[in-house]
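Here's the letter readout for the chains.
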Amino acid sequence: MPEVVTDVVCPFCGCLCDDLEVVVENGKIVEVRNACSLGTAKFLSAQKEDRIRKPYIRKNGKFVEVSLEEAINKAAEILVNANRPLLYGWSSTECEAHRVGIMLAEELGAVIDNTASVCHGPSIIAVQEIGLSGCTLGQVKNRADLIIYWGSNPSSAHPRHLSRYTMFCRGFFRDKGAKERTLIVVDVRRTDTAKLADYFVQVKPGGDYELIQALRYAIKTGDLDKNEVSGVPRDLILKIAELMKSCHFGALFFGLGLTMSKGKHRNIDAALSLVRDLNRYTKFVLMPMRGHYNVTGFNTVSTWMTGYPFSVDFSRGYPRYNPGEYSAVDVLLREECDAALIVASDPVSHFPRKATEHLARIPLIVIDPHWTPTAMLADVILPPAIAGIEVDGTAYRMDHVPLMLKKVIDPPEGCLPDRELVKMILDRVRELKARSS
Amino acid sequence: MAKRELKVIIITGRSIEQGIAIEGGKMEMEYPRACGVCYMDPSDMEKLDLIAGDPVLVRTKFGEVVLTAVRSEYAPHEGIVFIPMGPWANKIIDPNTSSIGMPSFKGVEGVVQKLEDLGKRPPTATEIVEEVKKTEGSKYA
Ligand code: SF4
């Protein structure tokens with residue numbers, strides 16, 4: 001008899017949709033209901049052929065299956081013998097694993113960083129400088145009448161964002177749904193999200209900063225003494241400024257189009273200032289479209305434990321924070337780290353080539369459920385259970401609301417939760433250190 | 001006469017195919033099919049006399065990579081090409097982190113070149129791993 005598990009939280013993107021139904025038959029997932037194609041792919045991936053099911057150590061250039069104990073011991077040895085280990089990844093696993101990971105970083109005097117440094121790190125830096133007018137996604141759903149996506153294409157990265165939280169949903173004060181809302185999309189391409197917009201603003205690449213400042217000027221003065229800014233005509237800028245000022249509740253969602261383009265954190269600085277200005281006239285909020293489902297969770301846990309959200313260095317025994325110095329890409333570009341532990345992430349695919357090259361030089365430990373380019377370079381591989389599918393845990397939605405991940409099926413035999421694998425490494429590291437002192 | 005190469009601005013980012021391929025399909029053909037591609041404005045393809053599926057070489061100051069040209073459904077964006085995030089795009093983006101940890105994954109200047117040899121294809125993820133293993137000072141050397 002198939003069993004239907006309800007109210008399942010999707011462990012793929014920062015929307016953390018919590019209305020999924022997963023049909024399980026004979027311990028296998030046979031159907032995923034309500035999820036988008038990304039969420040469905042993630043659930044079905046648990047059963048894919050390429051799953052890492054055993055611990056491996058690279059011996060003479062080949063992966064050899066070993067006992068879990070041997071793999072943990074080898075991982076701990078590598079980390080204890082390193083002068084400047086890097087612990088990176090974390091955004092696709094549960095908060096309980098983050099906690100143990102940060103304890104391990106402290107024990108080792110390591111640098112610990114998560115994928116925020118290559119996605120919304122600039123947003124966090126800007127928020128620390130300016131502050132943030134924010135809210136939960138529930139408030140947006142119930143109240144917002146103006147929705148803006150800037151440098152973000154949820155149709156590719158957060159497919160259910162519009163239908164669950166912003167446009168195509170009825171809210172308490174917006175019971176006519178999309179009819180009561182206006183959608184503005186700012187992007188360099190006419191994306192699928194842009195095609196749905198009431199107003200599409202096509203900005204030139206790298207022109208976001210100027211456009212935001214032009215909007216601030218137009219909002220303050222009601223005028224603009226340029227015919228166009230960053231490829232956007234004056235009339236459209238004035239129209240958007242008017243819409244922003246006159247709405248009841250506006251929400252600006254922004255993506256990597258702002259954080260990765262010229263200006264980076266300064267773009268977010270400008271966007272935060274724009275929203276601050278708008279709050280003189282109406283209620284306006286801003287939210288980064290966080291990518292990995294629990295990237296927000298790592299930043300939250302890290303802030304509780306170290307005082308800082310990401311890019312934390314423990315080499316002096318106490319935490320220090322400096323993105324640009326302790327961020328993973330920089331530590332690799334400077335060829336500074338001499339060992340790395342990568343948890344639930346694939347930097348060889350997602351870092352600039354020059355940064356990935358250093359991973360081929362140093363001992364590398366990888367905890368990942370699938371074979372990835374990073375796993376292919378590893379010296380030690382540990383097989384985890386997938387959080388949110390095979391093990392429960394806590395994750396933070398993009399609006400900082402914590403949700404409980406569910407266990408839907410059993411993991412393959414021998415696959416343990418990330419938190420347990422990292423804890424085993426931590427215990428072994430402590431033993432080795434005690435022995436040598 | 002069609003041009004042989006075209007100056008472009010490169011942006012990288014997520015696509016739905018990329019998001020599906022990364023869930024357990026990274027060492028399979030699914031991954032280069034999703035990410036070893038270069039979405040181009042139809043008018044730019046015409047300038048280079050390209051049809052969808054032709055191989056192109058994309059070059060920047062930081063490297064070069066063979067990709068498959070695909071007609072963009074998000075046109076017009078003349079002079080801008082989109083490459084899904086992944087090890088292909090990352091061979092050519094700007095690694096400079098502007099002292100804040102974030103490389104320039106979007107807005108990199110480059111050149112798209114038409115390839116005469118139509119048999120050329122993007123490297124597979126395994127081939128990219130092999131390239132990385134050949135890094136100077138690599139533990140595999
Ligand atoms: S929108 Fe995101 S969280 Fe929701 S089902 Fe799709 S991938 Fe999962």
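Cut-off values and rules
Residues numbered from 1 in each chain as written. Chains lettered and ligands numbered in written order. Predicted model: local features only at pLDDT ≥ 70, side-chain atom pairs only at ≥ 80, totals over all residues. Heavy atoms only, no water. Helix = DSSP H or I, 4+ residues; strand = E, 2+ residues; numbered from the N terminus. Buried < 20%, exposed > 50% of the residue type's maximum accessible area, 1.4 Å probe, protein only. Contact = heavy atoms within 4.5 Å. Areas by Shrake-Rupley, 256 points an atom, 1.4 Å probe, with all protein chains shown as cover. Lys, Arg positive; Asp, Glu negative; His and termini not counted. Charge placed at Lys NZ, Arg CZ, Asp CG, Glu CD. Pairing = 2+ DSSP bridges. Axes fitted to C-alpha atoms, helices over the stretch in contact; angles between N-to-C directions. Expected span 1.5 Å × (residues − 1). Near = heavy atom within 4 Å. Nonpolar A, V, L, I, M, F, W, Y, C, P; charged D, E, K, R; others polar. Domains from an automatic or database assignment. Buried area = accessible area lost by both parts, 1.4 Å probe. Salt bridge = Lys/Arg side-chain N within 4 Å of Asp/Glu carboxyl O. Polar contact = N/O pair within 3.5 Å; in protein donor to acceptor, adjacent residues only side chain to side chain. Phe/Tyr/Trp six-rings, centres within 6.5 Å; stacked < 30°, edge-to-face > 60°. Lys NZ or Arg CZ within 6 Å of the ring centre and 35° of its normal.

## Details of the overall build of chain A
Per the secondary structure count, chain A includes 18 helices and 21 strands. When the backbone C-alpha atoms are referred to their principal axes, chain A occupies close to 70 × 55 × 35 Å. Out of the 437 residues in chain A, the part that is buried amounts to 62%. The contacts of chain A with a sequence gap of at least 6 include a subset with a gap of at least 24, amounting to 67%. Entry remark: accessible area of chain A is about 15900 Å², with carbon and sulfur atoms responsible for 49%. If the 54 positive side-chain charges of chain A are averaged to one point and the 53 negative ones to another, these points end up 4 Å apart.

## As for the sheet that holds strand β3 (residues 28-33) of chain A
Residue and element names in this part refer to chain A. The 3 strands lie next to each other as β1-β2-β3, forming an open sheet whose pairing is antiparallel. Strand pairing shows two members of the sheet lacking a second neighbour, β1 (3-8) and β3, which therefore form its edges. Strand-to-strand, the axes of this sheet are offset by a mean angle of 25°, without reference to chain direction. Bridge analysis of β1 against strand β2 (residues 20-25) gives 4 bridges, and the strand direction is antiparallel. Directly across from Val5, in β2, lies its bridge partner Val22. Relative to β3, helix α1 (residues 37-45) is tilted by about 170°, and along the sheet it contacts β1, β2 and β3.

## Focus on helix α18 (residues 418-436) of chain A
In an α-helix, one turn spans 3.6 residues, which is why side chains three or four residues apart end up on the same side. Compared with an ideal rise of 1.5 Å per residue, which puts 19 residues at 27 Å, α18(A) spans 27 Å between its outermost C-alpha atoms and is within 8% of the ideal. Those residues of α18(A) hidden inside the fold are in contact with α2 (68-81), α3 (95-108), β17 (339-343), β18 (364-367) and β19 (380-382) of chain A.

## Here we look at the site of the ligand
Taken together, A:Cys10, A:Phe12, A:Cys13, A:Cys15, A:Leu16, A:Cys17, A:Ala35, A:Cys36, A:Leu38, A:Gly39, A:Pro159 and A:Arg160 form the complete shell of residues around the ligand. Grouping the amino acids of the shell around the ligand by side-chain chemistry returns 10 nonpolar, 1 polar and 1 charged.

## Brief notes about the domain arrangement of chain A
All names here are of chain A. Per the domain assignment, the segments making up chain A are domain 1 (51-117 + 293-387 + 411-436) and domain 2 (121-288). The straight-line distance from the C-alpha centre of domain 1 to that of domain 2 is 36 Å. Across the contact, 7 residues belong to domain 1 and 4 residues belong to domain 2. Approximately 380 Å² of surface area, both sides summed, lies buried where domain 1 meets domain 2, with 66% of it carried by carbon and sulfur atoms. Our count for the domain 1 to domain 2 interface comes out at 0 salt bridges. Class assignment for the residues of the side of domain 1 that touches domain 2 results in 5 nonpolar, 2 polar and no charged.

## Some words on the interface of chain A and chain B
Between chain A and chain B, the contact holds 63 residues from the first and 54 residues from the second. Taken over both partners, the interface formed by chain A and chain B buries close to 4800 Å², and the fraction arising from carbon and sulfur atoms is 62%. Counting the contacts that link chain A with chain B gives 4 salt bridges. Between B:Glu30 and A:Lys48 there is a salt bridge, and its shortest N-O distance comes to 3.5 Å. Along the contact surface separating chain A from chain B lie 23 residue pairs in polar contact (both at pLDDT 80 or more). Per element, the largest residue contribution to the side of chain A that touches chain B is 5 residues, and it comes from α1(A). Tallied by class, the residues present in the side of chain A that touches chain B amount to 29 nonpolar, 19 polar and 15 charged.

## Points about the pairing of β2(A)
Residue and element names in this part refer to chain A. Of the pairings in the sheet, the one linking β2 to β3 comprises 5 bridges and is antiparallel in character. Bridge pairing links Val22 to Val32 in β3. What sits between β2 and β3 in their antiparallel hairpin is a turn of 2 residues, with Asn26 showing a positive phi close to 50°.

## Describing the packing of aromatic side chains
The relation between two aromatic rings is expressed through the spacing of the ring centres and the mutual angle of the planes. By the definition in use, this model includes 12 aromatic pairs over all chains. Seen in terms of ring centroids, A:Phe172 and A:Phe173 are 5.0 Å apart; in terms of plane orientation they differ by 85°. Their pairing is edge-to-face. Given a relative accessible area of 44%, A:Phe173 falls into the partly exposed group. Centre to centre, the rings of B:Tyr31 and B:Trp88 are 5.0 Å apart; their planes meet at 80°, and the pair counts as edge-to-face. One end of the pair, B:Tyr31, is in helix α2 (residues 30-35); the other, B:Trp88, is in the loop between β5 (80-84) and β6 (106-114), and 57 residues separate them in sequence. Among the aromatic residues, those joined into a ring-pair cluster are A:Tyr56, A:Phe63 and A:Trp371. One Lys or Arg, A:Arg189, reaches over the ring of B:Phe82 and ends 3.8 Å from the middle of that ring. The residue whose ring lies beneath A:Lys245 is A:Tyr281, and the NZ or CZ to ring-centre distance is 4.7 Å.

## Some remarks on the sheet that holds strand β4 (residues 56-59) of chain A
All names here are of chain A. An order of β5-β4-β19-β18-β17-β6-β7-β15-β16 is seen for the 9 strands of this open sheet, with the pairing classed as mixed. The sheet is open, and its two borders are formed by β5 (62-65) and β16 (320-321), each paired with just one other strand. Pairing of strand β6 (residues 85-89) with strand β7 (residues 111-114), which is carried by 4 bridges, proceeds in the parallel orientation. Residue pairing in the sheet places Leu86 in a bridge with Val111 of β7.

## Considering the pattern of salt bridges
Under the definition given, this model contains 39 salt bridges over all chains. Here A:Asp313 makes a salt bridge to A:Arg84, at a shortest N to O gap of 3.3 Å. Pair noted here: A:Asp313 is in strand β15 (residues 312-313) and A:Arg84 is in the loop between α2 and β6, with a separation of 229 residues, a long-range link. Neither residue differs from the other here; A:Asp313 and A:Arg84 are each classed as buried. Between B:Arg59 and B:Glu5 there is a salt bridge, with its nearest N and O atoms 3.3 Å apart. Of the two residues, B:Arg59 is situated in strand β3 (residues 55-60) and B:Glu5 in strand β1 (residues 5-13); the sequence distance between them amounts to 54 residues. Residue B:Arg59 is classed as partly exposed on the basis of its relative accessible area, which comes to 26%. Look at B:Glu5 and you get partly exposed, because its relative accessible area is 37%. Taken together, the shared-partner salt bridges connect A:Arg84, A:Asp313, A:Arg320, A:Arg334 and A:Glu336 into one network.

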